[in-house]
Every structure is written in C-alpha cells, then in structure tokens.
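What follows is the residue order along each chain.
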There are 2 protein chains.
Amino acid sequence: MKKRVTIADIARELNITPATVSRALSNHPEISAATKKVVQEAAEKLDYNRNKIASSLRSGRTNVIGVLIPTAEHIFFGSVIHGISNIASKNGYDILIYQSNESQQFEKKGIDAFISARVDGILASIAKDTTDFSHFTYAKAQNIPIAFFDRVNNNLGIPSITIDDYRGAYLATESLIKEGYTRIAHITGPQHIQTFKNRVRGYRDALQDYQLPALEEWVYEGNVSVEAGREGASVLLSLTNPPDAIVAVEDFTALGVLKELKQRNIPVPQQFGVFGFCNDMFGEHITPSLSTIDQQTVLMGEEAFKMMHELIQYNGAATGVLSKVLQPIPVIRESSRKTSKP
Amino acid sequence: MKKRVTIADIARELNITPATVSRALSNHPEISAATKKVVQEAAEKLDYNRNKIASSLRSGRTNVIGVLIPTAEHIFFGSVIHGISNIASKNGYDILIYQSNESQQFEKKGIDAFISARVDGILASIAKDTTDFSHFTYAKAQNIPIAFFDRVNNNLGIPSITIDDYRGAYLATESLIKEGYTRIAHITGPQHIQTFKNRVRGYRDALQDYQLPALEEWVYEGNVSVEAGREGASVLLSLTNPPDAIVAVEDFTALGVLKELKQRNIPVPQQFGVFGFCNDMFGEHITPSLSTIDQQTVLMGEEAFKMMHELIQYNGAATGVLSKVLQPIPVIRESSRKTSKP
DNA sequence: CTGTTAGCGCATTCAA
DNA sequence: TTGAATGCGCTAACAG
C-alpha cells in the first residue's frame, strides 16, 4: 500500500506550514495568489488528493446528501436520482443511496446509516408500508436538514417537493372532457397514499366543474399495476352504466386498460379514451400511443437538491424555505384524441 | 445544535475508559460480556450513534462502495443498483453513486470523488465516450479495489462482471431459427463497444452453426434507440434480398422494428420474427409481446457486490477472484413465435 | 498574509 | 480483561 500524500508532505516540500497548504487548497481569500499557485503545482506534482474523511471530521461537514428511496428498480426514482445527482456533483456534493424496499424497518435503518455517516442532509421518499414516522422526526430533531420528495407526509413539519397530483388528474380529466368524452371513470390506487387520494380529488373536481356525472361506482380502487388496469377496466365496462373514458392512476395501469379494451374490440380513441399518469418511456411507442401526465422527475430531483442546499445553508437561522409543488405537464397522444387525428 | 454523544460520554457515565467503550461496541472478543452489556445499555440510553467519519479516519476503512454508472435514468442501471445496494446494506456497506452521463470527463471526476471519499472499493460501468481509461488504472494503482460491471474493458487487468452477450445473441438467433425463420438480420450498436460486438459475433455464429445465410448487409449498425430500430428495419426491408426476422440489439430498438413492420403491414410473428435484448418492462405488454433476452440485472448487482467484497477482503494477498460471466435467459413471447400460438 | 496550536471522535498499540 | 497514550489528516481560532 503506497503511502498517501498529505498536506504535511506538500508543506515539507515547500517549507511552509500545513495550515497554509490547507488554506491555499481551499482557496482561502487571505492567501496570496503566489502561494496558491505554488501549492497547487506541488499538489499536482505529488499527486495529492484531499482526504475528505479527515476534512469532514475536522470541519463537521461531509458534503454528502443521503437519498432514501423505496426502490431503485422503478425508473421514476432513477430519474429523480439522476436529477439530484447531477446538480449535487456540480455543487461538490456526493450522494449516498439507501433503499427502503417499501419497508418501514429498512427505512429506519437507512436513516440510521445516514446519521452515522454524518450526511449534511437527507432527501427521502416515504415507503408504502410506513405508518410510524418517528425516524424522520428523529433525524430532524438531530438537527439534520431533511426534506421529502414525491411521497411525503405533511404532518411532520418537514418541507417537501411534489408535483401537483390534484392538478395532474384534473388536467387529464379535463383533456378527456374537451375531446368529447362524457362518462369518465377513474382507476386509482390504495387510498392511504396521499398521492392517489389527491388524484381522485382532481378527477372529481374536473367532472364537477364541467357538470358531468361523477358516479361513485366509476372510481375503481386497485393496486397499481397492469393487472389492476385490466381488472379495473373489466369491472367498469361491466357496469350497467359503463364509462366511455378512463383516467388511470399510472401508465402501466393505463396499459392494462388498453389491453382489456383491445380484447373487447373497443376502438381507442374513437369509442373510448384513455389517459395515463407518469409519462413512462414506453407510452410514446405503443399503439395507440398513450396520453399521459408528465411528472418532471428530473426537475423534481434538481429542485429537491436546491431545496436541501438552502436548508443546509440556513440551518439554524430562520428560513423561508417551504414546500414546493411542481406543475404536471399533460402529454396528449393518440389514446385520448377523439376529435382530431394526430 | 445539540452536542452529539461520543464514546467519551459513555465512558464517563460508566467510569471506564473510552477505549473499553470502543471495544465493547465493536464486540471485541477480549471484553467481558458484562461490560458489553452495560456499555450497550448506556449507549442506548444516551442515544449514542457511532461517528463513522471518525471511525473511518482512524481505521482507514469507510465501508463505502463507490458505484459509477453512465446514468440513473436507464432502468438497467437502476436495477443493478437495486441489486448492489440491497446486498451491500446487508453487509454493512453504504453506496455512493456517481453518474458519468456517458462522458469521460465526468467519469474521471467520479473516480476522483471516490478516491477523495476514500471508498473501500469501486464498481464501475464504462461511459460510451470513454477512450482513455487511465482513471481506472489510476484507481487500481492507488490500491483501491475496482471492478467493472456490464460495460467493461478487458485490457486493464481489472476484473469484471457481465452477462454473456455472445450467448444471448446466439440464443436469440437460434430461437428464431428453430421457429422456422431463415433469413435473419441483426441491428446492432456502435462497434467500439465490446458488448455490441459480442452480440454480433453470437448472431453470426448461430447462423453459421445452423448453416443459414449470413449476408454482410444484414447487419445494420445504428444508434441504440427506437429510431434506430425503425431506420434499421426500413433499410433492411428495402434490400433486394430482405430478411424475414431481426435480432435487435436492445428492446427499444426492437420496438422501433415492430413499429416499422406495423406501418408496412407485415404481420408479426407470422411473416416476420423480432427478438429484443434487455427484457425491459414494457415488452411483456405490447402487441405483439416482445421476445427478448433477460440480462439478470439484479443478480448482476448482487454478484458485483460479492466480487467487490472479496476483493476488499483479500486485497494485497494473492486472490483467485476473476471475471464472472452471467448467463442470459431467453424470454420467448409472441413476436418470435411463428409456429405455435401462445 | 502566514505560522502556531489544538482537537474533531475514534481505534489501536503497549502496558498493566 | 481493561487503562493510558497516541495519532489518523485536516481545519479553525488566535497570533503575529
């Protein structure tokens, strides 16, 4: 094991003190340009690489953000991480990843790991299973800046960044209405999850605003999956008063709806409209292509980092940082275009 | 900022020395069970949380693995990270993520960040742009265990974990042959990438083994995308001697092929067979559903961590750890099933 | 502008 | 089995 070069080595080489080297390398304002230059060159020459561990221990800051996600296997979170990670790198932060796998127990472990690692802040998206949120308030009590993204809890006094699910569902429903569909149903997910609840509200309010019927039985609650989409569509189409369009809670659910419709030979969009939610990559390429709501995942990641960055800067001081809501963007494709052809 | 509890606090509380506390908490064999118990309880009571930074500085080990990926926006890498991260957590390791965004420059920065963070090991998947690999050999020279996954370079003496791309393409081609297709073409990606090159070889060898024609013009080199699939299919179908099946380099490329065929009203699989590569989630749900090669991404992540774990253990000592190749798994669906119906 | 001094919290050597 | 002493590499307060 080759011994690593330290600032002491550079100091010795140049006959100055380690403190000066440290300051020069951190671009401290009170160091002369000449010294900085010499130190830089010596560092380069000796192949010096700052030991962040020692630096962190001394300074009390790690420049690491802990990111807690339910799973990296879902492209939604990959996309958010993409956003977080890129802007974080640009600002000199590293990203520690932990997966809860939708379990409260692992989520708690993740928070503990972050605290142990002395991360400067935590960005978290809550697991489906979580009912006890004390690990989050604990982190907050430890004075670690924390913010939620996408899967949030508004009762903990923790800032968050989300997209406006209510508005997304509203826009989807409204788009179908404007295309001429009049009996619009909704397939949603488990209602203990805020996100899905908000979408139901947006869907309902759109119908009400346009004075269209909003039958109780037109809201089908399933799991979020292709299968749920099929089953939901099947149930809805078997009603005595079946709908002529469906707003699905998510793109794969919408895909299930499309499959069921195809099997029943119901032409989309001519006789039936379908709207998804997520803007997953495949939607653009299936037939008919899927209208959906874009969730701006990368932007969400970037905004999440920015918020965290501010929280870190102003921690302790009173701060104006509050929750932020991103606007969903309707992406209208074939599956909902009853009137005009593409 | 509440002062954090340290081992000194615990020591004071119990009238023993910090050294003993440290040993007790690390479950050192030479500490009495009684002391361990008392220390554990005091730690719990005082809400002690080990400072990994200080521990790392002293011990020289961080228990952090740096994972370098091209982008988190591709589900393939998300899936591998899922595999790495879960097994890493189980073994007490944290995961630091860095994205190269397919750029050599950022890749280099990532390696530097990892070295600065004093990670115990690096798992990397090479960027498309990378032509100079010195940052990898540099890390290795610094005595940091490093291994590649999926996107590898075999000329650096760095172990790697891949799936057998050659065999994957061979199996895809063979499957088409056994279904009765006889004029099989291939749409591949940039040939400076080993992965794609190997798939071309697998494709060619299958044709040869079954004594089928392998025209030079039946291999179309494009970018890896839906558009490349469309274009490749278009070019191949315009040949005076067009194929009756295509092995695509990847699922989205296969999707492009399917779109082009649909537009030309060529029935799949009856008159034309299509095979993808990746087993992306959408493939199961499109029409016709897509035959493809599963790359065992989660397993790849798990095996990557296991390999890294061994490298870390035996670093310095001569080690038997070599590259590992995972077996691809054909997933046969409608798009290639000429003979039998599902 | 630079040097001196001190210590972040822990793990490890050597002694007892 | 435990205590005492040391230092990992760096940064920050205080001097000069």
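None of these values were measured; they are calculated from a predicted model.

Participant: An account of the interface of chain A and chain B is requested, with residue identities and associated values reported.
Facilitator: Taken together, the contact between chain A and chain B spans 54 residues of the former and 54 residues of the latter. Carbon and sulfur atoms make up 53% of the surface buried where chain A meets chain B, a total of about 4800 Å² over both sides. Of all residues in chain A, Ile53, Arg118 and His285 of chain A bury the most surface against chain B, accounting for 14% of the area lost on that side. In this structure, the connection of chain A to chain B is made through 28 residue pairs in polar contact (both at pLDDT 80 or more).

Participant: Pulling in residues and values, what's your account of the sheet that holds strand β8 (residues 245-248) of chain B?
Facilitator: The pairing of strands in a sheet happens through backbone hydrogen bonds and is either parallel or antiparallel. All names here are of chain B. Within the open sheet, the four strands sit side by side as β7-β6-β8-β9. Their pairing is parallel. Each edge of the open sheet is held by one strand with a lone partner, namely β7 (219-221) and β9 (273-275). With direction set aside, neighbouring strand axes in the sheet form an average angle of 15°. Each of β6 (184-188), β8 and β9 touches helix α11 (residues 251-263); the most contacted strand, β9, lies at about 160° to it.

Participant: Tell me what's going on with the side chain of Thr130 of chain A, and back it up with residues and numbers.
Facilitator: Residue and element names in this part refer to chain A. By secondary structure assignment, the location of Thr130 is in the loop between β3 (121-124) and α7 (134-141). Overall, the relative accessible area of 7% leaves Thr130 in the buried class. In contact with Thr130, not counting residues within four places along its chain, are Gln104, Glu107 and His135.

Participant: How would you summarise the protein's contact with DNA strand D if you had to cite specific residues and measurements?
Facilitator: The local shell around DNA strand D holds 23 residues, among which Ser22, Tyr48 and Arg58 of chain A together with Thr20 and Arg58 of chain B are the closest. The contact in question runs from a base nitrogen of DNA strand D to an N or O atom on the side chain of Arg23 of chain B, over 2.7 Å. Listed by contribution, the elements that provide at least two residues to the surface near DNA strand D are α2 (18-25) and α4 (52-59) of chain A together with α2 (18-25) and α4 (52-59) of chain B. When the residues that make up the surface near DNA strand D are grouped by side-chain class, the tally is eight nonpolar, eight polar and seven charged.

Participant: With reference to specific residues and values, describe the relation of the copies chain A and chain B.
Facilitator: Each copy of the sequence occupies a distinct position, and chain A is placed on chain B by a rotation of 180° and an axial shift of 0.2 Å, giving an RMSD of 0.3 Å. Accordingly, the operation relating the two chain copies is best matched by a two-fold axis. For chain A, the residue whose C-alpha comes nearest the rotation axis is Leu96 of chain A, separated from it by 2.4 Å. Looking at chain A, 100% of its interface residues are interface residues in chain B too, so the copies touch through the same face.

Participant: Which residues make up the sheet that holds strand β2 (residues 94-99) of chain B, and what are the values?
Facilitator: Spatial ordering of the open sheet is given by β11(A)-β5(A)-β4(A)-β3(A)-β1(A)-β2(A)-β2(B)-β1(B)-β3(B)-β4(B)-β5(B)-β11(B), a layout of twelve strands whose pairing is mixed. Looking along the sheet, the strands with just one partner apiece sit at the ends: β11 (324-326) of chain A together with β11 (324-326) of chain B. Between one strand axis and the next, the sheet turns through 20° on average, direction left out of account. Sheet topology places strand β3 (residues 121-124) of chain B next to strand β4 (residues 146-149) of chain B; three bridges connect them, and they run parallel. Bridge pairing in β4 of chain B places Ile122 of chain B opposite Ile146 of chain B. Packed on one face of the sheet, helix α6 (residues 104-116) of chain A meets β1 (64-69), β2 (94-99) and β3 of chain A together with β2 of chain B and runs near 155° to β2 of chain A.

Participant: How would you sum up the packing of helix α8 (residues 165-179) of chain A against helix α9 (residues 194-209) of chain A? Please name residues and give values.
Facilitator: Residues and elements named next belong to chain A. It is at 7 Å that the axes of α8 and α9 come closest, and there the two elements cross at 40°. Handedness of the crossing formed by α8 with α9: right-handed. For the pair α8 and α9, the contacting residues are Asp165, Tyr166, Ala169, Tyr170, Thr173, Glu174 and Ile177 in the first and Thr195, Asn198, Arg199, Arg201, Gly202, Tyr203, Asp205, Ala206, Leu207 and Asp209 in the second.

Participant: Would you mind going over the protein's contact with DNA strand C in detail, with residue names and values included?
Facilitator: Taken together, 23 residues lie near DNA strand C, and Thr20 and Arg58 of chain A together with Tyr48, Arg50 and Arg58 of chain B sit nearest. Those atoms of DNA strand C that come within 4 Å of the protein belong to sugar or phosphate at a rate of 60%. Here a base nitrogen of DNA strand C and a side-chain polar atom of Arg23 of chain A are 2.7 Å apart. Between a base nitrogen of DNA strand C and a side-chain N or O atom of Arg58 of chain A, the distance comes to 3.3 Å. Counting only elements with at least two residues in the surface near DNA strand C, the list comes to α2 and α4 of chain A together with α2 and α4 of chain B. In terms of residue class, the surface near DNA strand C is made up of eight nonpolar, eight polar and seven charged.

Participant: Would you mind going over the environment of Leu290 of chain A in detail, with residue names and values included?
Facilitator: Residues and elements named next belong to chain A. Structurally, Leu290 can be placed in the loop between β9 (273-275) and β10 (292-294). Classification of Leu290 by relative accessible area gives buried; the value is 0%. Distance from Leu290 to Asn27, taken between C-alpha atoms, is 52 Å for residues 263 residues apart in sequence. If sequence neighbours within four positions are ignored, Leu290 has contacts with Asp251, Ala254, Leu258, Val274, Gly276, Gly283, Val331, Arg333 and Ser335.

Participant: So what about the packing of aromatic side chains? Which residues, and what values?
Facilitator: One pass over the structure, following the stated rule, counts twelve aromatic pairs over all chains. Relative to Phe114 of chain A, the ring of Tyr98 of chain A has its centre 6.4 Å away and its plane inclined at 80°; by these criteria the two rings are edge-to-face. Of this pair, Tyr98 of chain A sits in strand β2 while Phe114 of chain A is found in helix α6, placing the two residues 16 residues apart along the sequence. Note on Tyr98 of chain A: relative accessible area 7%, which makes it buried. Phe114 of chain A sits in the buried class, given a relative accessible area of 1%. Residue placement shows Arg199 of chain B over the ring face of Phe277 of chain B; its charged tip is 3.7 Å from the ring centre.

Participant: How would you sum up the UniProt feature "domain: HTH lacI-type" (unreviewed entry) in chain A? Please name residues and give values.
Facilitator: In the UniProt entry, the feature "domain: HTH lacI-type" (unreviewed entry) is given for residues 5-59 of chain A. Here residues 5-59 of chain A runs as 69% helix and 0% strand, with 20 Å between its end C-alpha atoms.

Participant: Lay out the pattern of salt bridges with the relevant residues and their values.
Facilitator: Within the structure shown, the criterion is met by 24 salt bridges over all chains. Among the ionic pairs, Glu216 of chain A bridges to Arg204 of chain A, the shortest N-O distance being 3.1 Å. With Glu216 of chain A in the loop between α9 and β7 (219-221) and Arg204 of chain A in helix α9, this residue pair connects regions lying twelve residues apart in the sequence. The exposure class of Glu216 of chain A is exposed, given its relative accessible area of 60%. Exposure remark for Arg204 of chain A: the relative accessible area of 30% places this residue in the partly exposed category. Notably, a salt bridge pairs Glu303 of chain B with Lys324 of chain B, separated by 3.0 Å at the nearest N-O pair. In this pair, Glu303 of chain B is assigned in helix α12 (residues 297-313) and Lys324 of chain B in strand β11, connecting sequence segments 21 residues apart.

Participant: Describe the packing of α2 of chain A against helix α3 (residues 33-46) of chain A, listing the residues and the values that go with them.
Facilitator: All names here are of chain A. Running from N to C, α2 and α3 point in directions that differ by 95°, and their axes come no closer than 9 Å. With respect to each other, α2 and α3 are oriented roughly perpendicular. Judged by residue contacts, Thr20, Val21, Ala24 and Leu25 of α2 engage Thr35, Lys36, Val39, Gln40 and Ala43 from α3. Looking at the contact of α2 with α3 residue by residue, the class counts come to five nonpolar, three polar and one charged.

Calculation notes
Throughout this document, residue positions are counted from 1 along each chain, in the order its sequence is written. Note on labels: chains are lettered from A, ligands numbered from 1, in written order. Local features are withheld for residues below a pLDDT of 70 in this predicted model, meaning they are given only at 70 or higher, and side-chain atom pairs are given and counted only at 80 or more; totals for whole chains, interfaces and linings count all residues. Side-chain numbers here rest on the full set of heavy atoms in the structure, without hydrogens or water. The contact criterion used throughout is that any non-hydrogen atoms of two residues lie within 4.5 Å. Accessible surface is computed with a 1.4 Å probe, and the buried area is the amount of it that two parts give up when combined, taken over both parts together. Two N or O atoms count as a polar contact when they lie within 3.5 Å, although within protein this holds only if one can serve as hydrogen donor and the other as acceptor, and sequence-adjacent residues are included solely when both atoms are side-chain atoms. Whether two strands pair depends on DSSP finding at least two bridges between them. Helix and strand definitions follow DSSP, with helices as H or I runs of at least four residues and strands as E runs of at least two, each counted in order from the N terminus. Helix axes are fitted only over the stretch in contact, all axes being lines through C-alpha atoms; the angle between N-to-C directions runs from 0 to 180 degrees. Remark: exposure states derive from per-residue accessible area (1.4 Å probe, protein chains only) relative to the maximum for the residue type, with buried under 20%, exposed over 50%, and partly exposed in between. Only heavy atoms are used to decide nearness, and a residue is near a molecule or strand if one of them lies within 4 Å of it. Three classes are used: nonpolar for Ala, Val, Leu, Ile, Met, Phe, Trp, Tyr, Cys and Pro, charged for Asp, Glu, Lys and Arg, and polar for all others, with Gly counted as polar. Residues reaching a pLDDT of at least 70 in both copies supply the C-alpha atoms on which the copies are superposed by least squares. For any pair of crossing helices, the crossing counts as left-handed if the nearer helix is rotated counterclockwise from the farther one by less than a right angle, and right-handed if it is rotated clockwise. For Phe, Tyr and Trp, rings pair up if their centres lie within 6.5 Å, where Trp contributes its six-membered ring, and each pair is then called stacked (planes under 30 degrees apart), edge-to-face (over 60) or tilted (otherwise). Note on geometry: a ring has a charge over it if NZ (lysine) or CZ (arginine) is within 6 Å of the ring centre and within 35 degrees of the ring normal. UniProt positions are given in the numbering used here, feature names are shortened, and annotations may be inferred rather than shown by experiment. Here a salt bridge means any side-chain nitrogen of Lys or Arg lying within 4 Å of a carboxyl oxygen belonging to Asp or Glu. Each angle gets one of four labels, with under 35 degrees taken as roughly parallel, over 145 as roughly antiparallel, 65 to 115 as roughly perpendicular, and the rest as oblique.

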